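Residue-level structural notes
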Amino acid sequence: MTTYRLSGAALLRPSRIGDDGVHTYIEWPEDRPLPAVFALNAHGDEEMVDGYMRGGLYTIDRINPRLVFRLDKAKAQAIRNAPVEARR
């Protein structure tokens, strides 16, 4: 599973995030509110991500190199690390 580097507001950072090359899976602690999730397009603009909850995981049916999590004025982000195969 590919990993992500997290930064920004600690309250919005997921407890787990990864992808299998097709889907992105995000998990937040149960005691925290779920933020809105955005992806950055080729121009660097935020676009709302279409995802769904399944078994406690927020699932996105695609891979985005950079995701942004927002709740009110707080912001965090996740940047996709290169897959292990690509680092060799």
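Before reading on, note that the structure itself is shown above.
Read on for a plain summary of the structure. (Residues numbered from 1 in each chain as written. Predicted model: local features only at pLDDT ≥ 70, side-chain atom pairs only at ≥ 80, totals over all residues. Heavy atoms only, no water.)

Considerations on the sheet that holds strand S1 (residues 4–8)
The test is simple: Two strands form a pair only when DSSP identifies at least two bridges running between them. Strands here mean DSSP runs of E at least two residues long; helices mean DSSP runs of H or I at least four residues long; both are numbered from the N terminus. Lines fitted to the C-alpha atoms define the axes, with helices restricted to the stretch that makes contact. Angles between their N-to-C directions range from 0 to 180 degrees.
Pairing is antiparallel across the open sheet formed by five strands, whose spatial order is S1-S9-S8-S4-S5. Two strands bound the open sheet, and with one partner strand each, they are S1 and strand S5 (46–48). Here the average twist between neighbouring strands, direction ignored, is 30°. As defined by bridge partners, strand S8 (residues 66–71) adjoins strand S9 (residues 74–80) across six bridges and the pair is classed as antiparallel. Opposite Leu-67, over in S9, you have Ala-78 as the bridge partner.

With respect to the side chain of Asn-64
Applicable threshold: The buried label goes to any residue with under 20% of its type's maximum accessible area, the exposed label to any with over 50%, and the partly exposed label to all in between, with areas taken from a 1.4 Å probe on protein chains only. Note on contacts: a residue pair is in contact if any heavy atoms of the two residues lie within 4.5 Å.
Considering the arrangement of structural elements, one finds Asn-64 in the loop between strand S7 (57–60) and S8. Looking at Asn-64, the relative accessible area reads 8%, which means it is buried. Aside from chain neighbours lying at most four places away, what touches Asn-64 is Tyr-4, Thr-24, Ala-39 and Arg-80.

Thoughts on the pairing of strand S4 (residues 36–40)
Sheet topology note: the S4/S8 ladder contains four bridges and is antiparallel. Opposite Phe-38, over in S8, you have Val-68 as the bridge partner. Where S4 hands over to S5, the hairpin turn is made up of five residues, of which Gly-44 adopts a positive phi near 85°.

A look at the pairing of strand S2 (residues 16–19)
Of the pairings in the sheet, the one linking S2 to strand S3 (residues 24–27) comprises four bridges and is antiparallel in character. Residue pairing for S3: Ile-17 is matched across the bridge by Ile-26. The hairpin formed by S2 and S3 contains four residues between the paired strands, and Gly-21 there has a positive phi angle of roughly 90°.

What to know about the packing of aromatic side chains
Operational definition: Pairing of aromatic side chains here covers Phe, Tyr and the six-membered ring of Trp, requires ring centres within 6.5 Å, and sorts the geometry by plane angle: under 30 degrees stacked, over 60 edge-to-face, intermediate tilted.
With the rule as written, the count across this model stands at two aromatic pairs. Ring geometry for Trp-28 and Tyr-58: centres 6.1 Å apart, planes at 65°, overall edge-to-face. Within this pair, whereas Trp-28 is found in the loop between S3 and S4, its partner Tyr-58 is found in strand S7, the two being separated by 30 residues in sequence. Tyr-58 matches Trp-28 in its accessibility class, with the two residues each being buried. With a centroid separation of 5.5 Å and an interplanar angle of 90°, the aromatic rings of Trp-28 and Phe-69 are classed as edge-to-face. With a gap of 41 residues between them, Trp-28 in the loop between S3 and S4 and Phe-69 in strand S8 connect regions that are remote in the sequence. A single burial state applies to Trp-28 and to Phe-69, both of which are buried.

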